[in-house]
Amino acid sequence: MEQWKLVECFGQSPILVSSMPSVAPANPALKILFVSTSVGPLGSGMGGGVELTLLNLAKALQLRGHLVQTLAPVKSISKGIDIIQVPGQLQATAQTQGRAATVEMPADAVIANLWEHARQRQDDYDIVVNFAYDWLPLFLTSFFKTPVVHLISMGSLTDAMDGMIAQTLEQFPHSIAVHSGIQAGTFGAIANFPQRCTILANGFDLSRYQFQPAAQAQLGWVGRIAPEKGLEDAVAATAKTQTPLKIWGAMEHPDYWAEIQQRFPNAPLDYCGFLSTEDLQKQLGLCQGLVMTPKWVEAFGNVAIEALACGVPVVSYGRGGPLEIIEHGVTGYLVEPDSVEGLVGAIAQLDKIDRATCRAQAEAKYSLEAMGERTEAWLRKSLD
């Protein structure tokens, strides 16, 4: 049965949040503090895949008997984990900036407030895990008595971040983890980075995803509505095939969405908004295929696993994390990056993919239990 309890809200009154039932602790159990992304509240979709990763990691570690609490911006919602809400101004997303971008914070920055609260409470925990792709937490690592580790959620984007990641890794050799080998390879400016960081992949509570053996005549696309996600290419492909395209995700750039609609007035589109995992998997599972069109190097590609868990094959550009997830011709198709014609050709072949095989691969490679084991090993190594 779900439980609720009051937790401290930094700078505000205590609030009521969801709490997982207690479980028998591992020996020895760890007390872990997660510090969430600073670009949006948990549950809003603004944090992209970080939101789902944080929730799944918390569950995975709780299943192993560890205590996990999370600092996150105000209005964060996530069932099953303890959240301490922290006010402040949100950060701009890193992918909107160029390589030469400087380090900036707004007045009353939530990233600063999150880490001040973490500093005040650090003695209550064995280890602190940072989920923000931000310069400040990396810089602060050496000022904490309690060990701080960082799960880097994106590839190399700015020189400032690369430099601080390198400095942190030099001082604390086991403090940096990433999701994929391809993501690690983007940090070419950091000597031997793929060999020095920890590669965790990802894991999912697959019980939340229902296998759908049959599909309707529609395709799916999931992600933030932002230029780096390449939605216009998926729309161009479906405009050619006239297969209805269901679109789910947070509306980050309304002008970009309006431009796509103007460019493809005859494309069969249906924007369905940002949905919870429970609602998304019900609708995504009905699709013939998921189309992924990243214009940048995706660190992993959580939505590809979510689709496979529902039995939905994936058509993706051969760029970034999907290269390590999709088995070409078995669980979907990898096509030449930025080739709309490649997408069209792959969409036409979707009926050749066995949906049960898609689900089986998700179960074999991306379980919550396996992710918990990998993550605990990383945390304990960082404590040695």
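Preceding this paragraph is the structure being described.
To start, this report covers the structure provided alongside it. Everything numeric in this text was worked out from a predicted model, so none of it was measured.

Procedures and definitions
Residues numbered from 1 in each chain as written. Predicted model: local features only at pLDDT ≥ 70, side-chain atom pairs only at ≥ 80, totals over all residues. Heavy atoms only, no water. Buried < 20%, exposed > 50% of the residue type's maximum accessible area, 1.4 Å probe, protein only. Helix = DSSP H or I, 4+ residues; strand = E, 2+ residues; numbered from the N terminus. Phe/Tyr/Trp six-rings, centres within 6.5 Å; stacked < 30°, edge-to-face > 60°. Arc of directions from axis to C-beta. Contact = heavy atoms within 4.5 Å. Axes fitted to C-alpha atoms, helices over the stretch in contact; angles between N-to-C directions. Parallel < 35°, antiparallel > 145°, perpendicular 65-115°, else oblique. Nonpolar A, V, L, I, M, F, W, Y, C, P; charged D, E, K, R; others polar. Pairing = 2+ DSSP bridges. Salt bridge = Lys/Arg side-chain N within 4 Å of Asp/Glu carboxyl O.

### Examining helix α10 (residues 302–309)
Consideration 1: Counting buried residues in α10 gives eight out of eight residues, a clear majority hidden from the surface.
Consideration 2: Every buried residue of α10 is listed here: Asn-302, Val-303, Ala-304, Ile-305, Glu-306, Ala-307, Leu-308 and Ala-309.
Consideration 3: In the stretch just after α10, Gly-311 is the one whose phi turns positive, near 90 degrees.

### Considerations on the packing of aromatic side chains
Remark: the centre distance and the inter-plane angle together describe each pair of aromatic rings, the angle taken between the planes.
Consideration 1: Applying the stated criterion to the full structure yields seven aromatic pairs.
Consideration 2: Each ring, one from Trp-135 and one from Phe-139, has its centre 4.8 Å from the other, and the planes form 10 degrees; the classification is stacked. Here Trp-135 and its partner Phe-139 are both found in helix α3 (residues 135–140), four residues apart, which amounts to about one turn of the helix.
Consideration 3: Residue classification places Phe-139 among the partly exposed positions, given a relative accessible area of 32%.
Consideration 4: Within the aromatic cluster, the residues linked to one another by ring pairs are Trp-135, Phe-139 and Phe-143.

### Focus: helix α8 (residues 254–263)
Consideration 1: The set of residues buried in α8 consists of Tyr-256, Trp-257 and Ile-260. End-on view of α8: buried residues confined to an arc of 100 degrees, all on one side of the axis. Away from its buried face by more than 90 degrees, α8 exposes Asp-255 and Gln-262.
Consideration 2: In the core, the buried residues of α8 are packed alongside α7 (231–241), β11 (245–248) and β12 (269–271).

### Things to note about the packing of α10 against helix α13 (residues 355–365)
Consideration 1: In contact at an axis separation of 7 Å, α10 and α13 are set at 125 degrees when each is read in the N-to-C sense. Considering the angle they form, α10 stands oblique to α13. Here Ile-305, Leu-308 and Ala-309 of α10 lie close against α13, whose contacting residues are Cys-358, Arg-359, Gln-361 and Ala-362.
Consideration 2: By residue class, the composition of the contact of α10 with α13 is five nonpolar, one polar and one charged.

### Remarks on the sheet that holds strand β5 (residues 82–86)
Consideration 1: Spatial strand order, β5-β4-β3-β6-β7-β8-β9: seven strands in an open sheet with parallel pairing. Edge positions in the open sheet fall to β5 and β9 (198–199), since each of these has one partner strand only.
Consideration 2: Both strand β7 (residues 148–151) and strand β8 (residues 176–178) contribute to a ladder of two bridges, which runs parallel. Bridge pairing links Leu-151 to Ala-177 in β8.
Consideration 3: Against the sheet, helix α1 (residues 49–63) makes contact with β3 (31–35), β4 (67–73) and β7, and its axis sits at roughly 175 degrees relative to β3, the strand it touches most.
Consideration 4: Helix-sheet contacts for helix α14 (residues 368–383) involve β3, β6 (127–130), β7, β8 and β9, and the interaxial angle to β7 is about 145 degrees.

### Digging into the side chain of Ser-153
Consideration 1: Note that Ser-153 resides in the loop between β7 and α4 (159–171).
Consideration 2: Residue Ser-153 is classed as buried on the basis of its relative accessible area of 17%.
Consideration 3: Sequence-distant contacts of Ser-153, defined by excluding residues within four places in its chain, comprise Val-50, Phe-131, Tyr-133, His-179, Gln-183 and Ala-299.

### Structural notes on the pattern of salt bridges
Consideration 1: Counted by the stated rule, this structure contains 19 salt bridges.
Consideration 2: The partner of Arg-99 in a salt bridge is Asp-159, with the nearest N and O atoms 3.1 Å apart. Taken together, the positions of Arg-99 in the loop between β5 and α2 (110–121) and Asp-159 in helix α4 put the pair 60 residues apart, joining distant regions of the chain.
Consideration 3: Exposure remark for Asp-159: the relative accessible area of 48% places this residue in the partly exposed category.
Consideration 4: A salt bridge links Asp-124 to Arg-121, with the nearest nitrogen and oxygen atoms 2.9 Å apart.
Consideration 5: Counted as one network, the salt bridges with shared partners bring together Asp-233, Lys-295, Arg-319 and Asp-338.

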